[in-house]
Amino acid sequence: GYTATGVKVYNNIIYRTGRGVDKESGIRINHSGVVGAEWYNNVGYDNANGLFAFDAGNSVSVRNNINIVLPGQIYESGSMDRNNVTDSNNLFYGAGSLPTWADPVTSINADPKFVDPAYPARNFHLQTGSPAIDAGTAVSVSRDFDGILRSQGIAFDIGVYEY
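Below is a summary of the structure that appears in this document. Note that the structure is predicted; figures quoted are calculated from it, not measured.

What follows concerns the overall build of the protein chain. A tally of regular secondary structure across the protein chain gives 0 helices and 16 strands. Across the 163 residues of the protein chain, 47% fall into the buried class. Contacts in the protein chain between residues far apart in sequence, at least 24 positions, make up 57% of those at least 6 positions apart.

What follows is the structure, given as structure tokens:
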């Protein structure tokens, strides 16, 4: 069978997936042989079926991600088993309330205040006053997308860029 241990997915900008025949999410785990995956400090924007798809996998850690969907889109697809995933400090915006699997204490449901996420700019840096600033948790990602050391404030920022 298929196995993968310790897969790390971090500092990615995943933009406009889920078009066409497949309608996939941005990041997907669909095999029970995936163990110990870490999804840290990613940004998903305008993904028709959201940033996440959990169909299987064990001991998946999801922290410090931003998932922005547009009208008619969803935060995640798949058959999420909350017992196989630990999450914290993720930000969701655009599809109403938080996904049922998201930690209601550390998750944020608010506009992240990107500089300019739309085409052609696709600028996912955080503006002053963003709720993602200093709202993350320490993870094993020591630099942001631009190579800047984390953290620059009192805590890690959520998303790919430190403010």
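Still more to cover.
With that settled, consider the nonpolar core. In terms of nonpolar packing, the biggest core is built from 17 residues, with Ile27, Trp39, Phe52, Val62, Phe92 and Trp101 touching the most fellow members. Sequence-distant contacts of phenylalanine 92, defined by excluding residues within four places in its chain, comprise Phe52, Asn67, Tyr75, Leu98, Pro99, Trp101, Ala102, Ser107, Ile108, Asn109 and Ala110. Counting residues in hydrophobic clusters, the runner-up holds 15 residues, among them Val43, Phe124, Ile158 and Tyr161.

Side chains that differ in charge, positive against negative, can pair when their charged atoms come close. The full count for this structure, using the stated rule, is 3 salt bridges. A salt bridge links lysine 8 to glutamate 38; the nearest nitrogen and oxygen atoms lie 2.7 Å apart. Taken together, the residues span a long stretch of sequence, with lysine 8 in strand S2 (residues 8–10) and glutamate 38 in strand S6 (residues 38–40) at a distance of 30 residues. The class of lysine 8 is partly exposed, set by a relative accessible area of 46%. For aspartate 46, the salt bridge is made with arginine 16, and the minimal N-O distance between the two is 3.2 Å. Taken together, the positions of aspartate 46 in the loop between strand S7 (43–45) and strand S8 (52–54) and arginine 16 in the loop between strand S3 (13–15) and strand S4 (27–29) put the pair 30 residues apart, joining distant regions of the chain.

Take glutamine 73: it is sitting in the loop between strand S10 (66–68) and strand S11 (76–77). Owing to a relative accessible area of 11%, glutamine 73 belongs among the buried residues under this scheme. At 2.7 Å, the side chain of glutamine 73 forms a polar contact with the backbone nitrogen of leucine 70. Setting aside chain neighbours within four positions, we find glutamine 73 in contact with Arg19, Asp46, Asn47, Ala48 and Ala95.

Once that is clear, we can look at the sheet that holds strand S13 (residues 91–93). Ordered by their spatial adjacency, 5 strands build an open sheet running S3-S7-S10-S13-S14, and the pairing between neighbours is parallel. Edge positions in the sheet fall to S3 and strand S14 (108–109), since each has one partner strand and no second. Examined bridge by bridge, S10 and S13 share 3 bridges and lie parallel to one another. When the sheet's bridge partners are listed, asparagine 67 is paired in S13 with phenylalanine 92.

Both faces of the sheet carry side chains from a regular strand, because those side chains alternate between them. Pairing of S6 with strand S9 (residues 60–63), which is carried by 3 bridges, proceeds in the parallel orientation. The residue bridging tyrosine 40 from the neighbouring strand is arginine 63, located in S9. In this sheet, strand S12 (residues 85–88) lies alongside S9 in parallel orientation, the contact comprising 4 bridges. Residue pairing in the sheet places valine 60 in a bridge with valine 85 of S12.

Summarising the element assignment, arginine 150 is placed in the segment after strand S16 (123–126). Here the side chain of arginine 150 touches asparagine 11 through a polar contact of 3.1 Å, side chain to side chain. Apart from the residues lying within four places of it in its own chain, the contact partners of arginine 150 are Asn11, Asn41, Val141, Ser142, Arg143, Asp144, Phe156, Asp157, Gly159, Val160, Tyr161 and Glu162.

This paragraph deals with the packing of aromatic side chains. Aromatic ring pairs are defined here through the distance separating the ring centres and the angle between the ring planes. For the structure on display, the rule yields 7 aromatic pairs. Centroid distance tyrosine 15 to phenylalanine 124: 6.2 Å. Interplanar angle 65 degrees. Geometry classified as edge-to-face. Pair noted here: tyrosine 15 is in strand S3 and phenylalanine 124 is in strand S16, with a separation of 109 residues, a long-range link. For tyrosine 15, a relative accessible area of 18% corresponds to the buried category. Judged by its relative accessible area of 2%, phenylalanine 124 falls in the buried class. A ring pair is formed by phenylalanine 114 and phenylalanine 124, whose centres lie 5.1 Å apart and whose planes are at 85 degrees; its orientation type is edge-to-face.

Conventions we followed
Residues numbered from 1 in each chain as written. Predicted model: local features only at pLDDT ≥ 70, side-chain atom pairs only at ≥ 80, totals over all residues. Heavy atoms only, no water. Helix = DSSP H or I, 4+ residues; strand = E, 2+ residues; numbered from the N terminus. Buried < 20%, exposed > 50% of the residue type's maximum accessible area, 1.4 Å probe, protein only. Contact = heavy atoms within 4.5 Å. Core = buried A, V, L, I, M, F, W, Y, C linked by side-chain atoms within 4.5 Å. Salt bridge = Lys/Arg side-chain N within 4 Å of Asp/Glu carboxyl O. Polar contact = N/O pair within 3.5 Å; in protein donor to acceptor, adjacent residues only side chain to side chain. Pairing = 2+ DSSP bridges. Phe/Tyr/Trp six-rings, centres within 6.5 Å; stacked < 30°, edge-to-face > 60°.

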